[in-house]
Amino acid sequence: MKKIIYSFGLCMLLIACSNSLIVNSIKVTNIDELNKAIDSCKAGDQIILANGIWKDVQIKFRGKGTKDKPITIKAETTGKVTIEGESYLKFGGEYLVVEGLYFKNGFSPSNAVIDFKISSKDKPDEISNNCKVTNCVIEDFNKPKRDKSDLWVQFWGRHNTLSNCYIAGKTNRGPTVRVSIAGIESINNYHQIVNNHFGPRPVKGGPSGETIQLGDSYTSMSPSHTMVANNLFEECNGEVEVISSKTNFNIFKNNVFYKSEGSLVTRHGNYSMIDGNYFIGDGENENYGGIRIINTGHWVVNNYFYGLKGKSFRSPLAVMNGIPKSPLNRYNQVTDVVVAYNTYVNCSSPWQFGVGTNIAQAKVLPKSEIRSARAIRTTVANNIIYNEKGLESIVVENDKADGVAFMKNIINNQGVVFKDFDGGIIEASLDLKKISDNMYIPTGIPNDFEAFNGFDFNTIETDLLRVSRKDNNSIGAIIGKDVFNPNILDKSKYGTTWFSNEVEARDPVIHTVTNTEELQTKINGASNGDVISLIKGVYNIDKSVVINKRLTIESEPDAKAQLIFSGASNTPLFSLQPKGKLTINNIVLKGNISNYAFASLKQNMSNHFGLIVSNSEISNFNYVLKAYKESFAERITFENTTISNCENGIELSEEKNDKGDYNTEYLTINNCNFNTIKANVIDYYRGGYDESTIGGNLLLTNSTFINCGAKEKNKRLLNHNGIVNVNITKNTFKNNPVQFVSILWGAKNNVESDNNLMNSGQIKTEENLVMTMMY
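Below you will find a few notes about this structure. Everything quoted here is computed from the prediction, not taken from an experiment. Along each chain, the written sequence defines residue order, and numbers are assigned to residues from 1. In keeping with the predicted nature of the model, local features appear solely for residues at pLDDT of at least 70, side-chain atom pairs appear and are counted solely at 80 or more, and the whole-chain, interface and lining totals rest on all residues. Values reported for side chains reflect all heavy atoms of the structure, with hydrogen atoms and water molecules removed beforehand.

## With respect to the pattern of salt bridges
- Here, a salt bridge means any side-chain nitrogen of Lys or Arg that lies within 4 Å of a carboxyl oxygen of Asp or Glu. Within this structure, the stated rule accounts for 29 salt bridges.
- The salt bridge involving E241 is made with R267; its shortest N-O contact spans 3.9 Å. A residue pair is termed long-range when its members are at least 10 positions apart, and E241 in strand β24 (residues 241-245) and R267 in the loop between β27 (263-265) and β28 (273-275) qualify at 26 residues.
- Notably, a salt bridge pairs E397 with K419, separated by 3.1 Å at the nearest N-O pair. Taken together, the positions of E397 in strand β39 (residues 395-397) and K419 in the loop between β41 (409-412) and β42 (425-427) put the pair 22 residues apart, joining distant regions of the chain. Numbering of helices and strands starts at the N terminus; helices are DSSP runs of H or I of at least 4 residues and strands are runs of E of at least 2.

Below, the structure is given as structure tokens:
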């Protein structure tokens, strides 16, 4: 009888366990079926989206799962469900999970692609708690208009997670990911942004291009407690801030910033913990940044900085000046900050203080904008700096660093003398041990060296590699014990299980064109990176050639082809469309005076264009290049080219909203001849005072300008108002009927040298320009 009872009980237990594992799977094939499944879903249900393209789907995922039985929407096959067209996904509920979806070929008609909140007229706001998006991809899901702002992931509520996703390619206004905390239901949220791969975000050409933004100015004193950990930020170049922390008590841990043209910035808010992150540059690009500090109570510990050449805002460590009695949306004074146990290898100006000081501009700025409050009660201790080439200034004082205590820092500066701040920076002969291509450990700290034991330093319990610091007096990010290669650039450690952004290299295919009719056909059939080779001859073209991929169009060697464009007025020979990156080499281009050589689309430039022109001749156009509002090129280059007899030249001045936007990041002109260009010879504009927009780059060298500017209304040959970096060197200006060749902005990086001016006005420098305030 006991055996029977035992057997019966065992069977019932097995049945119960089996029932607990049963998942109610509901497969759906269209949006109507999905909505019905959502309306009826219960805790533990799985809604399976059939493989294929789901176009123009606006998903509102409502439900209440439990910790043990979440409600899940997932792809039938991971990565085989693509969300396209005008689509979005909104959450509202508890313990909801979405996984395996691929957002591409579209944009959100709402303010977010994925939103942890549902707002609708028929129901009150529904906010998510304990919900997760995982193993998904969002790629190039941009609004058609660059100025239209949206977010690709927007957090609300509490305890939500974005994990193991790949997100890349945002070009329009707005952070890629934002944690929004307006409302008591979203503060103290403890969100997690973990194990993701944030792939390339192209330069935006203005502000509001962060990869992650935690809060905003007006909620910046609220507690968030967001965790950003174990993510790879690869070429996140949208703007000067890769991460903008604008709330309190956030944690940034074990992230890798690889060749990203910006910094992790404590823009507003207090008490961030920045622990154990890697900032990797290439030893050349000065735009790769590190950590920029504003506000109170931050700890910067165990971080590793390699090959960073950035300065000022993009320094490895930039500590800003604040504004006395600063409003919420400006800059608070840095106080009570700890920078300890970090390692800097081959970094220029590793520590900069007083960054952003603008006392010299007091005459043209309101008092509320003057950053004069220096950092106080700040400790920099137990750090290691190693330079293969010694630096004259280890600490760059843009304003006095008299509120900073330097304690027990060691440097190998190759014998170059530096200011040691009362012995707080100690010279030592160190060696460099290679761990990997981007990781080297300085070794050889003297045995009798005693680290500084500051208040609460005992809470720094491990080093960068999570090796215990107990009973070890070593300094720097890595104590040198149990050292291993962390393989920080192994992309398989981040992002999805199924998607890779690695592209296999391929040799370009050469497509030979012999007549006009073949040109667009061959372009349409070409792939990214291919070459369109024109045989010698005259090509009469009467409608625009569409460029929507990366191509080179060139003449055969020693045989310049001529492209004669007879298209309608105000239309371009080459229509540069989203993702259209064109290189023209060794070609003659002629217009009919009323049409254009190159132009972007007038609207819906959802992605960047690019243009390189070399060894060519351009004449008889209305505009050489016309970039319309909301279009953007990362690089525009003219070299070894003659431009003559055109009504207008290079027009990059459509961004007149004075919000810090501009049409190209880099305009380079070298060894070119401009002859009889009547207006807008070079017109490159950025408007609006915004100290964190530090772009716009004009390099003009070895070129000649003759008889240009006759119709220029402001009597200025080169217009580059508001462009921050301008270099005009070794050019000749002859018989140009203008008052000024250029007016340089002295307070910014505007310089000229070795130019020859003959009957062409003057080059003038104004130290401070009056600009429209953006805020």
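## Let's talk about the environment of K543
- Relative to the elements of secondary structure, K543 occurs in the loop between β47 (538-541) and β48 (545-547).
- Accessibility expressed as a relative area gives 63% for K543, which makes it exposed.
- For the pair formed by K543 and L328, sequence separation is 215 residues and the distance between their alpha carbons is 53 Å. Accessible area is worked out with a 1.4 Å probe on protein chains only. A residue is then buried under 20% of its type maximum, exposed over 50%, and partly exposed in between.

## A word on the pairing of strand β9 (residues 101-107)
- Across the seven residues that make up β9, a large majority, five, are buried.
- Inspection of the sheet shows strand β6 (residues 81-86) paired to β9 by five bridges, in the parallel sense. Residue pairing across strands places T82 opposite Y102, the latter belonging to β9.
- The pairing criterion for strands is at least two bridges between them, as found by DSSP. The sheet contact formed by β9 and strand β14 (residues 137-139) spans two bridges and is parallel. Considered in β14, the bridge of F103 is made with I138.

## Some details on the sheet that holds strand β4 (residues 58-64)
- Judged by pairing direction, the sheet is parallel, and its 12 strands sit side by side in the order β4-β7-β10-β15-β18-β21-β24-β27-β30-β33-β36-β39 without closing on themselves. The outermost strands of the open sheet, each flanked by one partner alone, are β4 and β39. This sheet shows a mean twist of 15 degrees between the axes of neighbouring strands, independent of strand direction.
- Relative to strand β30 (residues 291-293), β27 is paired through two bridges, and the arrangement is parallel. Counted as the bridge partner of V265 is R292 from β30. Fitting a line to C-alpha atoms yields each axis, with helices limited to the stretch in contact; the angle taken between N-to-C directions then spans 0 to 180 degrees.

## A look at the packing of aromatic side chains
- Stacked, tilted and edge-to-face are the three classes applied to pairs of Phe, Tyr and Trp rings, where Trp contributes its six-membered ring and a pair requires centres within 6.5 Å; stacked means planes under 30 degrees apart, edge-to-face means over 60, and tilted covers the rest. On inspection of all chains with the given rule, the structure shows 29 aromatic pairs.
- With a centroid separation of 5.7 Å and an interplanar angle of 90 degrees, the aromatic rings of F452 and F457 are classed as edge-to-face.
- With a relative accessible area of 5%, F457 lands in the buried category.
- Charge over a ring is defined by NZ of Lys or CZ of Arg lying within 6 Å of the ring centre and within 35 degrees of the ring normal. The ring of Y331 carries R371 above its face, with NZ or CZ at 5.4 Å from the centroid.

## Observations regarding the nonpolar core
- Put simply, a nonpolar core is a bunch of buried Ala, Val, Leu, Ile, Met, Phe, Trp, Tyr and Cys residues held in one set by side-chain atoms that sit within 4.5 Å of each other. Core analysis: the largest hydrophobic core is formed by 82 residues, its most contacted members being F91, L162, I193 and W351.
- We call two residues contacting when some pair of their heavy atoms lies within 4.5 Å. Other than its neighbours up to four places away in sequence, W351 contacts L317, Y344, V380, N383, I385, I394, V395, V396, F406, N409 and I425.
- Counting residues in hydrophobic clusters, the runner-up holds 65 residues, among them I553, F609, I677 and V741.

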